[in-house]
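One-letter residues, chain by chain:
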Amino acid sequence: MKEPFGRGGVVDIAMGWLAVLVSTALLVKGIELSRHGASRWWPTIAGGTVVLSLHGLYRIRRDTPRSGS
């Protein structure tokens, strides 16, 4: 059984998805704020965090050994 707190474990993957959810919520809020006159940097930086979060999940999946291959 894989270690739940190790690289590619259940907790590691759950934290990656949590990061995607939080950064997506920040992106939505940044878009809403920019429509009301806030800086355009809010949605830009939030979009960057979404991309980085998804990239982190991709790297975890890519580095996880597959059984049966």
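Scroll up to find the structure this text is about.
Asks: Tell me about the overall build of the protein, residues and numbers included.
Replies: When you go through the protein residue by residue, the secondary structure sums to 2 helices and 0 strands. By the compact-globule yardstick of 11 Å for 69 residues, the protein is too spread out, its C-alpha radius of gyration being 16 Å. If one aligns the C-alpha atoms of the protein with their principal axes, the spans along those axes are about 55 × 20 × 15 Å. Residues counted as buried form 22% of the 69 residues belonging to the protein.

Asks: Please give an account of the packing of helix α1 (residues 10–35) against helix α2 (residues 41–63) that cites residues and values.
Replies: Direction vectors running N to C along α1 and α2 enclose 165 degrees, while the axes themselves pass 8 Å from each other. If you check the angle between α1 and α2, you find them roughly antiparallel. Considering only the axes of α1 and α2, their crossing is left-handed.

Asks: Residue-level account of the environment of Gly16, with values.
Replies: Assignment of secondary structure puts Gly16 in helix α1. On the accessibility criterion, Gly16 (13% relative accessible area) is buried. Linking Gly16 and Ser34, residues 18 residues apart in sequence, is a C-alpha distance of 27 Å.

Asks: Account for α1, naming residues and giving values.
Replies: The terminal C-alpha atoms of α1 lie 38 Å apart, and with 26 residues this matches the ideal 38 Å at 1.5 Å per residue to within 8%. Within α1 the residues assigned to the buried category are Gly16, Val20, Ser23, Gly30 and Ser34. Where α1 is buried, its residues meet α2. One or two residues past the end of α1 sits Gly37, with phi positive at roughly 105 degrees.

Asks: If you had to explain the pattern of salt bridges to someone new, which residues and values would you point to?
Replies: Pairing between side chains of opposite charge can happen when the charged atoms of each approach one another. Inspection of the entire model under this criterion finds 1 salt bridge. A salt bridge links Lys29 to Glu32, with the shortest nitrogen-to-oxygen separation between them at 3.6 Å. With a gap of 3 residues between them, Lys29 and Glu32 both fall in helix α1, about one helical turn apart. By relative accessible area, Glu32 is classed as partly exposed at 38%.

Here is what the cut-offs are and how they apply
Residues numbered from 1 in each chain as written. Predicted model: local features only at pLDDT ≥ 70, side-chain atom pairs only at ≥ 80, totals over all residues. Heavy atoms only, no water. Helix = DSSP H or I, 4+ residues; strand = E, 2+ residues; numbered from the N terminus. Rg over C-alpha atoms; globule rule 2.2 N^0.38 Å. Buried < 20%, exposed > 50% of the residue type's maximum accessible area, 1.4 Å probe, protein only. Axes fitted to C-alpha atoms, helices over the stretch in contact; angles between N-to-C directions. Parallel < 35°, antiparallel > 145°, perpendicular 65-115°, else oblique. Left-handed = near helix turned anticlockwise from the far one by under 90°. Expected span 1.5 Å × (residues − 1). Contact = heavy atoms within 4.5 Å. Salt bridge = Lys/Arg side-chain N within 4 Å of Asp/Glu carboxyl O.

Worth remembering: the numbers are spatial, not functional.
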